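# Geometric and topological summary
This is what each chain is made of:
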Amino acid sequence: MHTSLPDFQMPNDEQVHLAAEGFRLLADPTRIKILWALLQGESSVACLAEIVGAAPTAVSQHLAKLRLAGLVRGRREGTFVHYSAADSHVRALLAEALFHADHTDRNLPDHPPAVHAHIPAVPGH
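In this report, the structure presented in the accompanying data block is examined. Nothing here was measured: the structure is a model prediction, and the numbers come from that model.

Turning our attention to helix H4 (residues 56-68). In an α-helix, one turn spans 3.6 residues; hence positions three or four apart end up facing the same way. With 13 residues, H4 should reach 18 Å at 1.5 Å per residue; the first-to-last C-alpha distance of 18 Å fits that figure. Of the residues making up H4, those classed as buried are Val-59, His-62, Leu-63 and Leu-66. All buried residues of H4 project into a common sector of 100° when viewed along the axis, lining one side. Seen from the open side of H4, the exposed residues pointing more than 90 degrees away from its buried face are Thr-57, Gln-61 and Leu-68. The inward-facing, buried residues of H4 contact helix H1 (13-26), helix H2 (29-39), helix H3 (45-52), strand E1 (72-77) and strand E2 (80-85). One or two positions beyond H4, positive phi appears at Gly-70, with a value near 80°.

What follows covers the environment of Leu-25. Looking at the secondary structure, you find Leu-25 in helix H1. Note on Leu-25: relative accessible area 4%, which makes it buried. Ignoring anything within four residues of it in the chain, the contact list for Leu-25 reads Arg-31, Lys-65, Leu-66 and Ala-69.

The next point concerns the side chain of Ser-43. Of note, Ser-43 is situated in the loop between H2 and H3. Using a relative accessible area of 7% as the deciding quantity, one classes Ser-43 as buried. Once residues lying within four places of it in the same chain are set aside, the contact partners of Ser-43 are Leu-38, Leu-48, Val-81, His-82 and Tyr-83.

Among the nonpolar cores identified, the biggest contains 21 residues, and Ile-34, Leu-38, Val-59 and Leu-63 are the most heavily contacted of them. Listing elements by their share of this core, those giving two or more residues are H2, H3, H4, E2 and helix H5 (88-106). Among the elements that take part in this core, H2 stands out by supplying 5 residues, more than any other. Once residues within four sequence positions are removed from consideration, Leu-63 is found in contact with Ile-34, Leu-38, Val-45, Leu-48, Val-72 and Tyr-83.

Analysis parameters
Residues numbered from 1 in each chain as written. Predicted model: local features only at pLDDT ≥ 70, side-chain atom pairs only at ≥ 80, totals over all residues. Heavy atoms only, no water. Helix = DSSP H or I, 4+ residues; strand = E, 2+ residues; numbered from the N terminus. Expected span 1.5 Å × (residues − 1). Buried < 20%, exposed > 50% of the residue type's maximum accessible area, 1.4 Å probe, protein only. Arc of directions from axis to C-beta. Contact = heavy atoms within 4.5 Å. Core = buried A, V, L, I, M, F, W, Y, C linked by side-chain atoms within 4.5 Å.

Set out below in structure tokens:
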């Protein structure tokens, strides 16, 4: 049935795999908090640990996984690494997920994407 639709398209297997892996890595409240903090500016492991209320070693492990998935970047300065959200796609993905969660939780109607103006932009993007 769907294949008879004139504009029907499916993502390729690699796209589906990468998207599923990204969602899998975001299925953790601490990682969502880390990304939210990074959307508001570059940060170190110690600062992120304090913000999200987790041990620095746990935050470091979360960041390593998020980095492998391409969701965060690290910038080395001497012995310190400063982390940031990878790009505006991360901002859009997280904003949409939180927007959906808020509307599901409060049983609110859907709104156009312009409502996301209160979500912080990724610095430099």
